[in-house]
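# Examining the three-dimensional arrangement
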Amino acid sequence: MGVEAHATNERATGRTWTVRLDPVGRGRADVRVSCSRPACAAQVLPSAAVGRTAAVEHLKAHLRAGPAPRPSAYCACRAEECHTHIRPAGPRERPAPWRCGGAVVLAVVTDREGRWWQVMECCSRCAAAHPTAKIAATAAAPDRTAPADAFRSAAVSVPMVPAVGPHFSHTASGAAVPHEVPAPRSERPPRPPRPPRPTRQRARRGRIAQRFVPHELRPVALRDELTELGELFRAYQQRAEPDLALLAELHARKAKAFRAWAEVTADTGLRLDAERAEQAAATARLQHLHRSGQAPEGDGPAVTRLLTASAQWNHARAVLTHVADHSPLPGPEARLLVVMLTLRTAQSGIGNLVGQDLKGLPLPDPEHLVGQLVECGWLDIAGTVDELIASRPENPTRIGVPSLTPDETDPGPFTFGRKMRPKLSGWAQRVVGEKKLRKAKTAADARLLALALATGVSLDGQLGPEGEGLGLEALSSWCAIAPGDLRELVDRLTAADWLTEAVVTDTVLTGRLTERVLPLSCPLS
């Protein structure tokens, strides 16, 4: 009897399964879609977009074909001792686990990047605690209707109300007191309206920089300032266009508020966050001055540069240095082509190229140069060289540089991210294809010198750090020419209004870039 009762009361654990979208390999575009259910085989699809669509359709098919959530199922989230539902605690509170409750549901939980989808048979309270959960189905409520006999057996007889009132022992006579019948509702005076109950407003809990602002934080003005700043930062992230002046002001307010918060709580981490906020405010303020054409600290009009930050300038110099040290072929034409292809593939080792990209460079025989790069193994192309030269923007050719492709042991020579690469590539194209250089039909060596000079100037355009000039040996090595030919290249750039006040000695080149090309410069920091 005891064994049967235990089997009857046992609850089944909620179901759970996951559909994942994983890359097949580093540097490859195809993806693998897999499902944790044993009957489902993995699929390999050509792109992430196609794989994501297939994963969602696979998940929907399971939801349509699978059984509905069971009302008596044990919450899968609780069975796995999920730590997602730990309530954040204050300084004097211990974290309390989430308590299950509500109807059993089928909840679909996904990550923000769309890489996996998990279906859980759990309670509605646990599903609500997941920020990305969507309810696919809800279990029907159990039938709680009791049989009519139970109501009849539980019925209680109601005594009849006597026609006379109660008889008190202190009454002088034993006469019954007549029972007063209340007046009908229509004859009663209307009741005065009840005053409205005061609505209890839940205290607003702020959040800023992945930190919760304690409601008991004092002074109240500091708590309200932190809460408001968190809302302003989140609103700024939703803006369509950046406003660096506003961002600098927000960071400055954050630094002041975090410093006051650190003094109240004696938290070293808050003090460090305040220092980082001050640095962010100074950086945003400087970027705003550069972009708006104003000079910092009243030093005159600033230059609106194509690359606006010192980190971008350093990355541009790093690319040119890498090409100078690892160029696979001799000659200025091959060096210039390697620079442009490196910038096209710098981040992942893979990029797209069209024929116009090669025809726009001052190369006498681009087909021959591309063929040499492919033969020596430095460049991989999808198809033939002729197909690459004939390709158009609507059908670009896939190219790859094996030495730039990162793997598990070698992250690659460059540290910038995916968004930085097109900025650097666009900058180099603007320098190499500058209007007066094109009209003068300058060769590849002169345009390589223009790249070197653009990355070797001070803020006001003087060549070298603090105007000391640039070494002739380094410049001639970069341009892949003999040192004696450098003077002719300087004359070409002076005639093209790139250089002014140029002086070539036996060891250095001094002078400055003209105001016209200063926006293309990357000052030495």
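Right above here is the structure, for reference.
Anyway, here's the lowdown on the structure attached to this text. Keep in mind that this is a model prediction, so the values were computed, not measured.

## Digging into the overall build of the chain
The helix and strand inventory of the chain stands at 18 helices and 14 strands. Burial status across the chain gives 35% buried among its 525 residues. For the chain, long-range pairs separated by at least 24 residues make up 58% of all intrachain contacts whose partners lie at least 6 apart in sequence. Taken as a whole, the chain presents about 32400 Å² of accessible surface, with 53% of it coming from carbon and sulfur.

## Section: helix 16 (residues 444–454)
With respect to burial, helix 16 is a largely interior element, 11 of its 11 residues being buried. Buried within helix 16 we find Ala444, Asp445, Ala446, Arg447, Leu448, Leu449, Ala450, Leu451, Ala452, Leu453 and Ala454.

## Topic: the sheet that holds strand 12 (residues 470–471)
Across the sheet, 3 strands lie side by side as 12-14-13; this open sheet has antiparallel pairing. Of all the strands in the sheet, just strand 12 and strand 13 (499–504) have a single pairing partner and so form its edges. Inspection of the sheet shows strand 13 paired to strand 14 (residues 508–513) by 4 bridges, in the antiparallel sense. Residue Leu499 lies in a different strand from strand 14, and its bridge partner there is Leu513. Where helix 18 (residues 486–495) meets the sheet, it contacts strand 13 and strand 14, and its direction lies at approximately 165° from that of strand 13.

## Some remarks on the environment of Ala262
Looking at where Ala262 falls in the secondary structure, it is placed in helix 7 (residues 244–265). Between the C-alpha atom of Ala262 and that of Leu272, which follows or precedes it by 10 residues, the distance is 9.1 Å.

## With respect to the pattern of salt bridges
Tallying each qualifying case throughout the model produces 18 salt bridges. As a salt-bridge pair, Arg253 and Glu225 come within 3.0 Å of each other at their nearest N and O atoms. Of this pair, Arg253 sits in helix 7 while Glu225 is found in helix 6 (residues 220–237), placing the two residues 28 residues apart along the sequence. By relative accessible area, which is 22% here, Glu225 ends up partly exposed. Arg516 serves as the salt-bridge partner of Glu434, at 2.2 Å between the closest nitrogen and oxygen. Linking Glu434 in the loop between helix 14 (420–432) and helix 15 (435–439) with Arg516 in the segment after strand 14, this pair joins segments that are 82 residues apart in sequence. The exposure class assigned to Arg516 is partly exposed, which follows from its relative accessible area of 30%. Three or more residues are tied together by salt bridges with common partners; here these are Arg211, Asp267, Asp273 and Arg276.

## Details of the side chain of Arg305
Within the secondary structure, Arg305 is located in the loop between helix 8 (268–291) and helix 9 (310–326). Of the side chains with opposite charge, Asp460 comes closest to the buried, unpaired Arg305, at an N-O distance of 7.4 Å. At 2.8 Å, the side chain of Arg305 forms a polar contact with the backbone oxygen of Leu459. A distance of 3.0 Å separates polar atoms of two side chains, one belonging to Arg305 and the other to Ser521. Apart from the residues lying within four places of it in its own chain, the contact partners of Arg305 are Trp313, Ser458, Leu459, Leu518, Pro519, Ser521 and Pro523.

How each quantity is defined
- Residues numbered from 1 in each chain as written.
- Predicted model: local features only at pLDDT ≥ 70, side-chain atom pairs only at ≥ 80, totals over all residues.
- Heavy atoms only, no water.
- Helix = DSSP H or I, 4+ residues; strand = E, 2+ residues; numbered from the N terminus.
- Buried < 20%, exposed > 50% of the residue type's maximum accessible area, 1.4 Å probe, protein only.
- Contact = heavy atoms within 4.5 Å.
- Areas by Shrake-Rupley, 256 points an atom, 1.4 Å probe, with all protein chains shown as cover.
- Pairing = 2+ DSSP bridges.
- Axes fitted to C-alpha atoms, helices over the stretch in contact; angles between N-to-C directions.
- Salt bridge = Lys/Arg side-chain N within 4 Å of Asp/Glu carboxyl O.
- Lys, Arg positive; Asp, Glu negative; His and termini not counted.
- Polar contact = N/O pair within 3.5 Å; in protein donor to acceptor, adjacent residues only side chain to side chain.

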